[in-house]
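What the coordinates show
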Amino acid sequence: METLWAHLNLISPAAWGMSSLHQQECLDYQMNDSNFCKMICMKRTLCQKYKLAKNGIAKSGRAFDRLNEAAPSHLKTEWLAQERVAQSSRIRDLAAMDLYDINIKKAPSIKEIELRLLEDGNACNAAPSHRSVAMWISTGLAIEEAQIALLIEIQ
């Protein structure tokens, strides 16, 4: 059922006591009325959507122009050549259209970043200027742990 017919839920309990033909006639009338009201409002809705789309085209055009100006010319010619090849061979080979697929490199996870920091700064005997941030933090935590252990022993 359409969402615009949700108001039939209000009318349908009233039709439960009616005979099946009378019930069908009542619900048909309400559905026809709903469709008629939807058709009348369609012009206004479509006009609003058209205005939004027209503004969106202008904004998209400006954004594309900025991107187009920022891209190097040798890349633009390469992309156009790739597009021509993809369009000409798309009927024979659908994999040619993979050119339009978005290629986004996944960002490393927090665990991968932590592991890399620990591997980069794993040299405990390195000069202080060559130690990583992770090494400084782990050294600081070790000092704090030693202080806490000393306080416990003193008490």
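In what follows, the accompanying structure is described. (Residues numbered from 1 in each chain as written. Predicted model: local features only at pLDDT ≥ 70, side-chain atom pairs only at ≥ 80, totals over all residues. Heavy atoms only, no water.)

1. Some points on the overall build of the chain
The helix and strand tally for the chain stands at five helices and zero strands. Moving toward the C terminus, one meets the helices and strands of the chain in the order α-α-α-α-α. Counting all 155 residues of the chain, 10% fall into the buried class. (Helix = DSSP H or I, 4+ residues; strand = E, 2+ residues; numbered from the N terminus. Buried < 20%, exposed > 50% of the residue type's maximum accessible area, 1.4 Å probe, protein only.)

2. Side note on helix α1 (residues 8-15)
All of the buried residues in α1 are L8, I11 and A15. Each buried residue of α1 lies within a common arc of 65° when the element is viewed along its axis, so the set occupies one face. Those residues of α1 that are exposed and aimed more than 90 degrees away from the buried face are N9 and L10. Buried residues along α1 sit against α2 (20-70). (Arc of directions from axis to C-beta. Contact = heavy atoms within 4.5 Å.)

3. Things to note about the packing of α1 against α2
In helix packing, the relevant descriptors are the interaxial angle and the interaxial distance, both defined with respect to the helix axes. Packing of α1 against α2 brings their axes to within 10 Å, and their N-to-C directions diverge by 165°. Here α2 runs roughly antiparallel to α1, going by the angle between their axes. Crossing handedness for the pair α1 and α2: right-handed. Of α2, the residues touching α1 (which contributes L8, I11, S12 and A15) are Q23, C26, L27, Q30 and M31. Here the contact of α1 with α2 is built from residues that sort into six nonpolar, three polar and no charged. (Axes fitted to C-alpha atoms, helices over the stretch in contact; angles between N-to-C directions. Parallel < 35°, antiparallel > 145°, perpendicular 65-115°, else oblique. Left-handed = near helix turned anticlockwise from the far one by under 90°. Nonpolar A, V, L, I, M, F, W, Y, C, P; charged D, E, K, R; others polar.)

4. Let's talk about the layout of surface pockets
Looking at the largest pocket, its volume works out to about 290 Å³. As for the largest pocket, its lining consists of F64, L67, N68, A71, K76, W79, L80, Q82, E83, L99 and Y100. Secondary-structure elements contributing two or more residues to the lining of the largest pocket are α2 and α3 (73-89). A per-element tally of the lining of the largest pocket places α3 first, with five residues. For the lining of the largest pocket, the per-class residue count stands at seven nonpolar, two polar and two charged. (1 Å grid on protein atoms, 1.4 Å probe; cavity = no way out; pocket = protein on both sides within 12 Å on 5 of 7 lines; lining within 4 Å. Points joined across faces, edges and corners; volume = space filled by probe spheres on them.)

5. Topic: the environment of D98
By the element assignment, D98 lies in the loop between α3 and α4 (110-120). Along the primary structure D98 and A86 are separated by 12 residues, whereas in three dimensions their C-alpha atoms are 8.5 Å apart.

6. Observations concerning the side chain of Q30
Tracing the chain through its elements places Q30 in helix α2. For Q30, the residues in contact, after removing those within four places along its chain, are H7, L8 and I11.

7. A look at the state of the cysteines
Scanning the entire structure with this criterion turns up zero disulfides. Cysteine C41 shares no disulfide, and the gap to the nearest cysteine sulfur, in C37, comes to 6.7 Å. Residue classification places C41 among the partly exposed residues on the basis of a relative accessible area of 31%. (Disulfide = S-S within 2.5 Å.)

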